[in-house]
Amino acid sequence: METEGLREFYSAHQPRLVGVISLLTGSRAEAEDIVQEAFVRLVPRWEKVSRYDAPEAWVRLVAVRLAANRHRDGNRFTQLFHRLPAEHVPDPADRYTGDLEQALAGLPMPTRQVVVLHYVCDLSVAQVADTLGIAEGTVKSRLSRARDALSESLLLRSDDHA
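Since the structure is predicted, the reported quantities are computational estimates derived from the model, not experimental observations.

S.K.: Where do I start with the overall build of the protein in this structure?
M.R.: Helix and strand counts for the protein stand at eight helices and zero strands. Moving toward the C terminus, one meets the helices and strands of the protein in the order α-α-α-α-α-α-α-α. When burial is assessed residue by residue, the protein has 37% of its 162 residues classed as buried. In the protein, 63% of the contacts between residues at least 6 apart in sequence involve partners at least 24 apart.

Structure follows, in structure tokens:
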């Protein structure tokens, strides 16, 4: 296995992927864990994936799916946790910094995925649809709902700061 190429690929793409995934998760630490896991899954497949036109897209897809799985599993935990009596449960939104990150965190994960892939990763609607395995119309409707929700959320936040 040619590990030098893999090392170079990791060094070149890991920081950007962490940035992208942190927008999905709202946590840089969680994003680093997810991206690391995606690269771990890449290692045994490197010989094949390295010949793809865009090997970064393969790692990004794995990371996006891992983030979605963690989000889904986290929601199950949260539902169970809320059944327990507690004196004070901290608001998960407290861990986010920045208005955009907070606004993104308020979107459902499927909507957040299309926003990040389209606007941050600069994928076309067709590429987002292909990446997530959904119809282009679904991508367009999620983007439309996201724009409305983000506009409203960011306007409300700007009113709070005024």
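S.K.: How should I be thinking about the packing of helix α1 (residues 3-25) against helix α2 (residues 28-42) in this particular structure?
M.R.: Helix-helix packing is described using two parameters, namely the angle between the two axes and the distance between the axes. For the pair α1 and α2, the least separation of the axes is 8 Å and the interaxial angle reads 140°. By the angle class used here, α1 and α2 are oblique. As α1 runs across α2, the sense of the crossing is right-handed. Residue-level contacts link Leu6, Phe9, Tyr10, Gln14, Leu17, Val18, Ile21, Ser22 and Thr25 of α1 to Arg28, Glu30, Ala31, Glu32, Ile34, Val35, Gln36, Phe39 and Leu42 of α2.

S.K.: Whenever I open this one, the nonpolar core confuses me. Can you help?
M.R.: One broad rule of soluble globular proteins: the nonpolar side chains tend to lie buried together. If you look at the biggest cluster of nonpolar residues, it comprises 42 residues, and the most contacted ones within it are Ile21, Leu42 and Val59. Mapped onto this core, the elements with two or more residues apiece are α1, α2, α3 (46-49), α4 (55-83), α5 (99-105), α6 (109-120), α7 (125-132) and α8 (136-161).

Rules and cut-offs
- Residues numbered from 1 in each chain as written.
- Predicted model: local features only at pLDDT ≥ 70, side-chain atom pairs only at ≥ 80, totals over all residues.
- Heavy atoms only, no water.
- Helix = DSSP H or I, 4+ residues; strand = E, 2+ residues; numbered from the N terminus.
- Buried < 20%, exposed > 50% of the residue type's maximum accessible area, 1.4 Å probe, protein only.
- Contact = heavy atoms within 4.5 Å.
- Axes fitted to C-alpha atoms, helices over the stretch in contact; angles between N-to-C directions.
- Parallel < 35°, antiparallel > 145°, perpendicular 65-115°, else oblique.
- Left-handed = near helix turned anticlockwise from the far one by under 90°.
- Core = buried A, V, L, I, M, F, W, Y, C linked by side-chain atoms within 4.5 Å.

From the geometry alone we can't say anything about function, so treat these as descriptive.
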